[in-house]
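Below are the chains, spelled out letter by letter.
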Amino acid sequence: MTDWSSDSSRSPVGESADGPADRGERSRGSTSEPLRSDASTEPDAEPDAESAVSSPPEAGPSADRIPDAGELEPDLLGELSRERDEYRDALIRLQADFENYKKRMIKQQTDHLERAAELLVDKLLPVLDTADLALAHGGGEDVKQVVGALSSVLEREGLERIDPNGGPFDPTLHDAVAHEPDDSDGGPEVAEVLRAGYRWKGRVLRPAMVKVRG
């Protein structure tokens, strides 16, 4: 039978040769010294602010920078100048054409409105002729007031009555439908107005139908 207590050189099963003291020292050393992480996880060193300010970035060609005229070749500069002049001339012509178009459209609209008003007045002339006949055949005061009101409105819009009774004959304003002789040496004159004529804004809308003497 072996005496384990007397043999101090042997160690119990599960213990290393170093003994409990050595294990305690290793455990204390492992707990007191912090674990070092991998070098790749350490934060990078901050850049020196003074060096970053004192050393500006290198100047290089920029895609957004517009080159000066002196940096362009003479042929390219001349071509760009010609294109600029062509675009400017085209823009000036386009603006002039647009201004002429606006003036032409305004004139067409004005002429259209005046023509429409002229057609309306032309349709009202038989009404005025009927009113003149009514007054000539003894129309009352009521008829005279209605005719006066209608004539006043049309005159404000540009209608002018041609009634040359007793005046000289003018073929541009009068339509001679009858003639009577005259021994006087004077020129022909209007002896009687058979139907009144009218102007619309200075233009003859209908000549007066007259009897000429002389």
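Use the structure listed above.
Notes on the structure in this doc start here. (Residues numbered from 1 in each chain as written. Predicted model: local features only at pLDDT ≥ 70, side-chain atom pairs only at ≥ 80, totals over all residues. Heavy atoms only, no water.)

### A word on the overall build of the chain
Then comes step 1: Of the regular secondary structure elements, the chain holds four helices and six strands.
Then comes step 2: Listed N to C, the secondary structure of the chain is α-α-α-α-β-β-β-β-β-β in terms of helices and strands.
Then comes step 3: Expressed as a percentage of the 214 residues in the chain, the buried residues total 13%.
Then comes step 4: Taking the contacts inside the chain whose residues are at least 6 apart along the sequence as the reference set, 61% of them involve residues at least 24 apart.
Then comes step 5: Accessible surface computed for the chain: about 17,300 Å², of which carbon and sulfur atoms make up 55%. (Helix = DSSP H or I, 4+ residues; strand = E, 2+ residues; numbered from the N terminus. Buried < 20%, exposed > 50% of the residue type's maximum accessible area, 1.4 Å probe, protein only. Contact = heavy atoms within 4.5 Å. Areas by Shrake-Rupley, 256 points an atom, 1.4 Å probe, with all protein chains shown as cover.)

### Thoughts on helix α4 (residues 141-157)
Then comes step 1: End to end, α4 covers 25 Å across 17 residues, agreeing with the expected 24 Å (1.5 Å per residue, within 8%).
Then comes step 2: Looking at the residues trailing α4, positive phi occurs at glycine 158, about 125°. (Expected span 1.5 Å × (residues − 1).)

### Here we look at the sheet that holds strand β1 (residues 159-162)
Then comes step 1: Read across the open sheet, the three strands follow the order β1-β4-β5; overall the sheet is antiparallel. Edge strands, defined here as strands with exactly one partner in the open sheet, are β1 and β5 (203-206). Ignoring strand direction, the axes of neighbouring strands in this sheet form an average angle of 35°. (Pairing = 2+ DSSP bridges. Axes fitted to C-alpha atoms, helices over the stretch in contact; angles between N-to-C directions.)

### Observations concerning unusual backbone geometry
Then comes step 1: Although it is not a glycine, lysine 201 adopts a positive phi angle of roughly 55°.
Then comes step 2: Within the element layout of this structure, lysine 201 appears in the loop between β4 (197-200) and β5.

### Comments concerning the side chain of histidine 174
Then comes step 1: Inspection of the secondary structure assignment puts histidine 174 in strand β2 (residues 174-180).
Then comes step 2: When sequence neighbours within four positions are dropped, the list of residues in contact with histidine 174 reads Ile162, Pro164, Pro168, Phe169, Val190, Pro207, Ala208 and Val210.

### Concerning the packing of helix α3 (residues 74-136) against α4
Then comes step 1: Running from amino to carboxyl end, α3 crosses α4 at an angle of 150°, the nearest separation of the two axes being 10 Å. In this view, α3 runs roughly antiparallel relative to α4, as classed from their interaxial angle. Both α3 and α4 take part in a crossing whose hand is left-handed. Across from Val121, Leu124, Val127, Leu128, Ala131, Ala134 and Leu135 in α3, the residues of α4 making contact are Val143, Lys144, Val147, Leu150, Ser151 and Leu154.
Then comes step 2: A breakdown of the residues in the contact of α3 with α4 according to their chemical character gives 11 nonpolar, one polar and one charged. (Parallel < 35°, antiparallel > 145°, perpendicular 65-115°, else oblique. Left-handed = near helix turned anticlockwise from the far one by under 90°. Nonpolar A, V, L, I, M, F, W, Y, C, P; charged D, E, K, R; others polar.)

### Some words on the nonpolar core
Then comes step 1: Listed in full, the nine residues of the largest apolar core are Val121, Leu125, Leu128, Leu154, Leu159, Ala196, Tyr198, Trp200 and Leu205.
Then comes step 2: If one sorts the elements of this core by residue count, α3 sits on top with three residues.
Then comes step 3: For leucine 159, the residues in contact, after removing those within four places along its chain, are Val121, Leu128, Leu154, Tyr198, Arg199, Trp200 and Leu205.
Then comes step 4: Core analysis: the second largest hydrophobic core is formed by six residues, Ile162, Leu173, Val190 and Val210 among them. (Core = buried A, V, L, I, M, F, W, Y, C linked by side-chain atoms within 4.5 Å.)

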